[in-house]
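Here's the letter readout for the chains.
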Amino acid sequence: MRDRKRDSDRLVSTSPWKYVVATWLAGVLAAVGLGAVSPAGSALRSSLGLSAGELAWATSSITAVSAVLGIPAGWWILRFGAHRALSWGLFVMAVATAISATAGSWGLLLGSRVAEGVGYLLVFVAGPVVITRMTQGGIRSAALALWGTCVPMGLAVAAALGGVLASQWTWNRWLALTALGPLIMAGALTVVLPRLPRTPVQYLHPAVGTWNGALRLGAAYGSLSLVGVAVVMVLPVFLTEHREVTPTVAGTVVALVCLGSAIGGLAASWLLRRGWALSSLVPLGALMPVACLPAFSAEFPLAVSGAAATLVLLVDGLLISAVFASVPAAVSRAEHVDVANGILNQLGSVGMLIGPPVFGLAVAAAGWGAVAAATFVFGGLGTVLLLKGARTSATCTAHGVSPSLDAPPDGVDVGEGSEPLRKAPDVSKPNRNRI
């Protein structure tokens, strides 16, 4: 009994940031898998005899799964539990990546990447849910903004590490290495994360109109993701063909540009933690099309173009993080945040899928100046939708109708400066059982 009391006392002082960082690392490792094929693309094409189109399908099939199944995954995770879905998603990614490392044909490679996409989807729907239910108030906004850096951080790691190892290792060994991180993290999360309470059954079927805010934020995320991914995808072609740099230099520049997106997300987390309003970050979106002009112009030194492209991704990453921070206030009940994140992932993945071809067609039709024009259109749309969502969230908070949230797991201190916890109605004692 005394040992249990000491454990309880110890847990009460536990900071939520321990769990936030663990969940964030899971997202980064999943995003490494998203970008793992690109560094080994040439070796894969040579080894398996793939066309450029077949390689592109193998690369994008992960996000294709999210583009189709994001919302259904949100409903399923609502019932299954975010804690378990996060660990199982990592495990599925690890197994599927190990299979892809042994692929001897395009069909097996594509099938394993689709399976990996299922795990990726579980991670990126469940991750924000875990963070939301572990935190409160200003800490929650900062933590969700941090989550928004997972994809660019993972892509930067994949580009940098893969660029080095893919030239020295076989593609099989490189892919096998990327399977280890999710496997280890899946085991670690089952030990580190407290178990979350089940969602009461009466909250599984929300009223009509519940998802308007989530759909608006999802469309904003899709537009901003379209811009970020498209810029990263067309930049290497611009650098090698029009700036005549080596593939190594182009890869280094792209890795730094991706890192800029992560820095933008970290900046959003830092600013929100210190009380900045979401709406005050949105006007920075005007910098993206302006920065695209020097980024995709051969008239400027390479360092200037690289810095301008990094600024585009920095602002894009900052706004994407603001989208994630807006989610809890965009739904009528925080119990619905599972499905809201499914909506975000589905619409965001649609943006990631169509972004590169849309920008490619624009460049083919009007030259590299079209990158700035396309960024103005899609970035502007995402910015307007985010601004409207941020203002709606602020209005709801001002009128005291922010969504209720189940209390964090026993022993988790939501942190200094957080809002008081407001628990959803406890309809029956059995619902407090842990999963």
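Residues numbered from 1 in each chain as written. Predicted model: local features only at pLDDT ≥ 70, side-chain atom pairs only at ≥ 80, totals over all residues. Heavy atoms only, no water.

Undergrad: Kindly report on the overall build of the protein chain, identifying the contributing residues and their values.
TA: Per the secondary structure count, the protein chain includes 16 helices and 0 strands. Residues counted as buried form 54% of the 435 residues belonging to the protein chain. Considering only contacts within the protein chain whose residues lie at least 6 apart along the sequence, 84% involve residues at least 24 apart. Put simply, the protein chain shows about 17800 Å² of open surface, and 67% of that area lies on carbon and sulfur atoms. (Helix = DSSP H or I, 4+ residues; strand = E, 2+ residues; numbered from the N terminus. Buried < 20%, exposed > 50% of the residue type's maximum accessible area, 1.4 Å probe, protein only. Contact = heavy atoms within 4.5 Å. Areas by Shrake-Rupley, 256 points an atom, 1.4 Å probe, with all protein chains shown as cover.)

Undergrad: Before we move on, can you summarise unusual backbone geometry with the specific residues and values?
TA: The backbone of E244 shows a phi angle near 55°, a positive value even though the residue is not glycine. Here E244 lies in the loop between α10 (212–241) and α11 (247–273).

Undergrad: Can you tell me about a nonpolar patch on the surface, naming the residues and giving the values?
TA: Residues W88, F91, V95, I99, L108 and L183 make up a contiguous nonpolar surface patch of about 520 Å² in total accessible area. In terms of residues, the nonpolar patch owes the most to one element, helix α5 (residues 82–100), which gives 4 residues. As for its placement among the helices and strands, I99 is situated in helix α5. (Patch = residues over 30% accessible without salt bridge, like charges linked within 9 Å, V, L, I, M, F, W, Y side chains within 5 Å. Salt bridge = Lys/Arg side-chain N within 4 Å of Asp/Glu carboxyl O.)

Undergrad: Now, about the packing of aromatic side chains: what can you tell me, with residues and values included?
TA: Evaluated as defined, the whole model comprises 8 aromatic pairs. Here Y120 and F124 contribute two aromatic rings whose centre-to-centre distance is 4.5 Å and whose plane-to-plane angle is 35°, an arrangement assigned as tilted. Here F124 and Y120 lie together in helix α6 (residues 106–134), a separation of 4 residues that amounts to about one turn. On the accessibility criterion, Y120 (3% relative accessible area) is buried. (Phe/Tyr/Trp six-rings, centres within 6.5 Å; stacked < 30°, edge-to-face > 60°.)

Undergrad: Describe in detail helix α9 (residues 171–192), supporting the description with residues and values.
TA: The terminal C-alpha atoms of α9, which comprises 22 residues, lie 32 Å apart, in line with the 32 Å expected from a rise of 1.5 Å per residue. W171, W174, L175, T178, A179, P182, M185, A186 and L189 are the residues of α9 that are buried. Around the axis of α9, the buried residues are gathered within 140° of arc, so they sit on the same side. Exposed residues pointing more than 90 degrees away from the buried face of α9 are listed as I184 and V191. Those residues of α9 hidden inside the fold are in contact with α2 (17–34), α3 (41–48), α5 and α8 (150–165). (Expected span 1.5 Å × (residues − 1). Arc of directions from axis to C-beta.)

Undergrad: Any chance you could break down the side chain of S61 for me, citing the residues and the numbers?
TA: Topologically, S61 is positioned in helix α4 (residues 52–80). Taking relative accessible area as the criterion, S61 reaches 4% and is therefore assigned buried. What S61 contacts, discounting residues up to four positions off in sequence, is L110, R113 and V114.

Undergrad: Give me the lowdown on the packing of α5 against α6, citing residues and values where you can.
TA: Look at α5 against α6: their axes get within 7 Å of each other, and the N-to-C directions meet at 160°. Here α5 lies roughly antiparallel to α6, going by the angle between them. Every pair of crossing elements has a handedness; the one defined by α5 and α6 is left-handed. Residues belonging to the contact of α5 with α6 are distributed by class as follows: 17 nonpolar, 7 polar and 1 charged. (Axes fitted to C-alpha atoms, helices over the stretch in contact; angles between N-to-C directions. Parallel < 35°, antiparallel > 145°, perpendicular 65-115°, else oblique. Left-handed = near helix turned anticlockwise from the far one by under 90°. Nonpolar A, V, L, I, M, F, W, Y, C, P; charged D, E, K, R; others polar.)

Undergrad: Describe the nonpolar core, with residues and values.
TA: By size, the foremost hydrophobic cluster in this structure holds 104 residues, and its most contacted members are F124, L235 and F296. Considering every element that reaches this core, the biggest residue donor is α10, with 15 residues. Setting aside its immediate chain neighbours within four residues, F296 contacts V231, V234, L235, F238, W368 and V371. By size, the runner-up hydrophobic cluster in this structure holds 15 residues, among which are A36, A40, L50 and L109. (Core = buried A, V, L, I, M, F, W, Y, C linked by side-chain atoms within 4.5 Å.)

Undergrad: So, the environment of G49: which residues are in play, and what are the values?
TA: In this structure, G49 sits in the loop between α3 and α4. For G49, a relative accessible area of 58% gives the class exposed. Placed 57 residues apart in sequence, G49 and W106 show a C-alpha to C-alpha distance of 8.4 Å. The contact partners of G49, leaving out residues within four places of it in the chain, are L44 and E54.

Undergrad: Any details on the packing of α4 against α5? Residues and values, ideally.
TA: Two elements in contact, α4 and α5, have axes whose closest approach is 7 Å; the angle formed by their N-to-C orientations is 120°. Here α4 lies oblique to α5, going by the angle between them. Seen from α4, the contacting residues are W76, I77 and F80; seen from α5, they are A82, R84, A85 and W88. Here the residues of the contact of α4 with α5 sort into 6 nonpolar, no polar and 1 charged.

Undergrad: Account for the pattern of salt bridges, naming residues and giving values.
TA: One pass over the full model with this rule turns up 1 salt bridge. With a shortest N-O distance of 3.4 Å, E116 and R113 are connected by a salt bridge. Placement of the pair is E116 and R113 together in helix α6, with a separation of 3 residues, close to one helical turn. Among the residues examined, E116 registers a relative accessible area of 2% and is labelled buried. Classification of R113 by relative accessible area gives buried; the value is 2%.

Undergrad: Provide a residue-level description of the environment of A67, including the pertinent values.
TA: Summarising the element assignment, A67 is placed in helix α4. When the C-alpha atoms of A67 and Q346 are compared, they prove to be 4.3 Å apart, with 279 residues separating the residues in sequence. Those residues in contact with A67, other than ones at most four positions away along the chain, are Q346, S349, V350 and L353.

Undergrad: Tell me about helix α15 (residues 337–366), residues and numbers included.
TA: Between its first and last C-alpha, α15 extends 41 Å over 30 residues, near the 44 Å set by a 1.5 Å rise per residue. The largest bend in α15 comes to about 35°, at I354, with the proline P356 one to four residues further on. Where α15 terminates, the next one or two residues include G367, which has phi positive at roughly 85°. (Bend = angle between axes of the 7 residues up to and from the residue.)

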